[in-house]
Amino acid sequence: MMNPRTIVHQMAVDAWGAGAAALTLCLVLEAVERGFVSRQFNLLWLLLFVLAASVAVMATHPGVSAMDPSHRRPKNADALLRFAALLAAAAVWFLLPRELSVVWRAAASGITLLAALSVRAAFEKNE
C-alpha cells in the first residue's frame, strides 16, 4: 500500500541516486583535470544535497521486522561499508589541494571517515 511515507521515501531514494551519480561524475572530472568542475560549480552544495537526501532516506525508511520471512541480512555489507569509508577518507585526502595544511587535510579525512562509519548504525537500526 502506498502511503505518504513510502512515497517520500521513494522520492528521497531517487534524489539520492541522482545526486550521488552527479557527485561521482563531478569528482571523476575533478580528478582527471584539477579545477575543471570547481571553476564552474561549488561541489560543496552537491555534497550537502547528497547528505540531506541520505538523511531523508534513513528517516523515511519503513524498516523490516527481523521476524519477517522476507527479511535477509545482506552478505558482507558491514565489510563493504568499512571499505567504502576508508576509500572516501583516502579520496578526501588525495583530492584536497596539496597547498592545504596537513592538519586540515587530516581533519577533513577523519571527519569523512567518522561520518561514513556512522552510517553503519543507521543501517543496523533498520536491519
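See the structure above.
The structure presented is a predicted model; accordingly, all values stated were derived computationally and were not measured. (Residues numbered from 1 in each chain as written. Predicted model: local features only at pLDDT ≥ 70, side-chain atom pairs only at ≥ 80, totals over all residues. Heavy atoms only, no water.)

Caption draft 1: Expanded view of the overall build of the protein chain. The number of helices and strands found in the protein chain is four helices and zero strands. A buried classification covers 17% of the 127 residues belonging to the protein chain. Counting only contacts in the protein chain whose residues sit at least 6 apart along the sequence, the fraction spanning at least 24 positions is 66%. Carbon together with sulfur atoms contributes 72% to the accessible area of the protein chain, which is approximately 9,300 Å² in total. (Helix = DSSP H or I, 4+ residues; strand = E, 2+ residues; numbered from the N terminus. Buried < 20%, exposed > 50% of the residue type's maximum accessible area, 1.4 Å probe, protein only. Contact = heavy atoms within 4.5 Å. Areas by Shrake-Rupley, 256 points an atom, 1.4 Å probe, with all protein chains shown as cover.)

Caption draft 2: Examining the pattern of salt bridges more closely. Taken as a whole and assessed by the stated rule, the structure comprises one salt bridge. One salt bridge in this structure joins Arg39 and Glu33, with 3.6 Å as the shortest N-O distance. Residue Arg39 is classed as exposed on the basis of its relative accessible area of 53%. (Salt bridge = Lys/Arg side-chain N within 4 Å of Asp/Glu carboxyl O.)

Caption draft 3: How the structure looks around the packing of helix α1 (residues 4-32) against helix α2 (residues 43-60). Between α1 and α2, the shortest axis-to-axis distance is 8 Å and the interhelical angle comes to 150°. As summarised for this structure, α1 and α2 are arranged roughly antiparallel, according to the angle between their axes. With respect to the hand of their crossing, α1 and α2 are arranged in left-handed fashion. Per-class residue counts for the contact of α1 with α2 are 19 nonpolar, four polar and one charged. (Axes fitted to C-alpha atoms, helices over the stretch in contact; angles between N-to-C directions. Parallel < 35°, antiparallel > 145°, perpendicular 65-115°, else oblique. Left-handed = near helix turned anticlockwise from the far one by under 90°. Nonpolar A, V, L, I, M, F, W, Y, C, P; charged D, E, K, R; others polar.)

Caption draft 4: Summary view of the nonpolar core. Core analysis: the biggest nonpolar cluster contains six residues, these being Leu23, Cys26, Val37, Leu43, Leu46 and Val50. Residues contacting Leu43, with those up to four places away along its chain left out, are Cys26, Leu27 and Val37. (Core = buried A, V, L, I, M, F, W, Y, C linked by side-chain atoms within 4.5 Å.)

Caption draft 5: Inspection of a nonpolar patch on the surface at higher detail. Together, Phe41, Leu44, Trp45, Leu47, Leu48, Leu51 and Val55 make up a nonpolar patch on the protein surface, roughly 710 Å² of accessible area in all. Summarising the element assignment, Trp45 is placed in helix α2. (Patch = residues over 30% accessible without salt bridge, like charges linked within 9 Å, V, L, I, M, F, W, Y side chains within 5 Å.)

Caption draft 6: Region of interest: α1. Compared with the 42 Å implied by 1.5 Å per residue over 29 residues, the 42 Å span of α1 between its first and last C-alpha is a close match. Taken as a whole, α1 has its buried residues at His9, Ala12, Gly19, Ala20, Leu23, Cys26 and Glu30. Looking at the buried side of α1, the elements it contacts are α2. (Expected span 1.5 Å × (residues − 1).)

Caption draft 7: Spotlight on the packing of aromatic side chains. All told, the structure shown has zero aromatic pairs when counted by the stated rule. Sitting over the ring of Trp93, Arg105 keeps its end group 4.3 Å from the ring centre. (Phe/Tyr/Trp six-rings, centres within 6.5 Å; stacked < 30°, edge-to-face > 60°. Lys NZ or Arg CZ within 6 Å of the ring centre and 35° of its normal.)

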